[in-house]
Amino acid sequence: MAVATANEIDTLAWAAVFGASAEDRGTARYEIRTRAAEAGIRLASIHDLYLAMGRGETGGFTVPAINVRAMAYDTARAVVRSAKKLNAGAFIFEIARSEIGYTEQRPHEYVAVVLAAALREGFTGPIFIQGDHVQTNAKKYNRPDRDKEIETLKALITEEIAAGIHNIDIDT
């Protein structure tokens, strides 16, 4: 496949979010993931780095975690562009359960937009995306039908894993 132009990536990112149908959005997301992989961009887990830090095998730095709530494509592009300019190490994009609700960014959309931003900025290497504050709603959990809340949480975790999110921060 040929290298995507900036305009093609912008168009795919737009279609991944605003496409006319679920099929159009899904096709754009698939195309983004395919092109990102071909460009050397991969979704990855930060887990091993955290373990190495805990064992004292690496350190002296922090890993910023950035919640992108609005203008996700443009904001993610700015983050990636800055990380490249500074030759920064690991950084995490994350989205919380509450943010998924009020920003209307489901995991598949969020991942596609972040990957498109990385692709657009010429990034290569691992992209870390975390499901942040995946937590139960206390009011719903403390009701007799608490199993319904647990099933909702399990469904979100399943959706995040299917989207390629490798780290999930569970706050119960």
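The rules behind these values
- Residues numbered from 1 in each chain as written.
- Predicted model: local features only at pLDDT ≥ 70, side-chain atom pairs only at ≥ 80, totals over all residues.
- Heavy atoms only, no water.
- Helix = DSSP H or I, 4+ residues; strand = E, 2+ residues; numbered from the N terminus.
- Contact = heavy atoms within 4.5 Å.
- Phe/Tyr/Trp six-rings, centres within 6.5 Å; stacked < 30°, edge-to-face > 60°.
- Buried < 20%, exposed > 50% of the residue type's maximum accessible area, 1.4 Å probe, protein only.
- Patch = residues over 30% accessible without salt bridge, like charges linked within 9 Å, V, L, I, M, F, W, Y side chains within 5 Å.
- Areas by Shrake-Rupley, 256 points an atom, 1.4 Å probe, with all protein chains shown as cover.
- Salt bridge = Lys/Arg side-chain N within 4 Å of Asp/Glu carboxyl O.
- Lys, Arg positive; Asp, Glu negative; His and termini not counted.
- Charge placed at Lys NZ, Arg CZ, Asp CG, Glu CD.
- Core = buried A, V, L, I, M, F, W, Y, C linked by side-chain atoms within 4.5 Å.

Caption draft 1: Examining the side chain of Glu 149 more closely. Inspection of the secondary structure assignment puts Glu 149 in helix H8 (residues 146–163). Those residues in contact with Glu 149, other than ones at most four positions away along the chain, are Arg 97, Gln 135, Thr 136, Asn 137, Lys 140 and Tyr 141.

Caption draft 2: Structural context of the packing of aromatic side chains. Tallying each qualifying case throughout the model produces three aromatic pairs. Arranged with centres 5.5 Å apart and planes meeting at 45°, the rings of Trp 14 and Phe 18 form a pair that is tilted. One end of the pair is Trp 14 and the other is Phe 18, both in helix H1 (residues 6–18) and four residues apart, which spans about a single turn. Residues Trp 14 and Phe 18 agree in their burial class; the two are exposed.

Caption draft 3: A positive patch on the surface, seen in detail. A grouping of Lys 139, Lys 140, Arg 143 and Lys 148 is seen on the molecular surface, where their side chains present a positively charged patch. Secondary-structure assignment places Lys 140 in helix H7 (residues 138–141).

Caption draft 4: Fine view of the side chain of Arg 29. Inspection of the secondary structure assignment puts Arg 29 in helix H2 (residues 22–38). Discounting residues that sit within four places of it in the chain, Arg 29 has contacts with Ala 16, His 108, Glu 109 and Ala 112.

Caption draft 5: Fine view of the nonpolar core. Ile 41, Phe 93, Ile 127 and Ile 129 are the most contacted members of the largest nonpolar core, which totals 40 residues. Only H1, H2, strand E1 (41–44), helix H4 (72–86), strand E3 (92–96), helix H6 (107–120), strand E4 (125–135) and H8 provide two or more residues apiece to this core. The leading source of residues in this core is H6, at ten residues. Judged by nonpolar contacts, the second largest core, of five residues, contains Ala 44, Ile 46, Val 63 and Ile 92.

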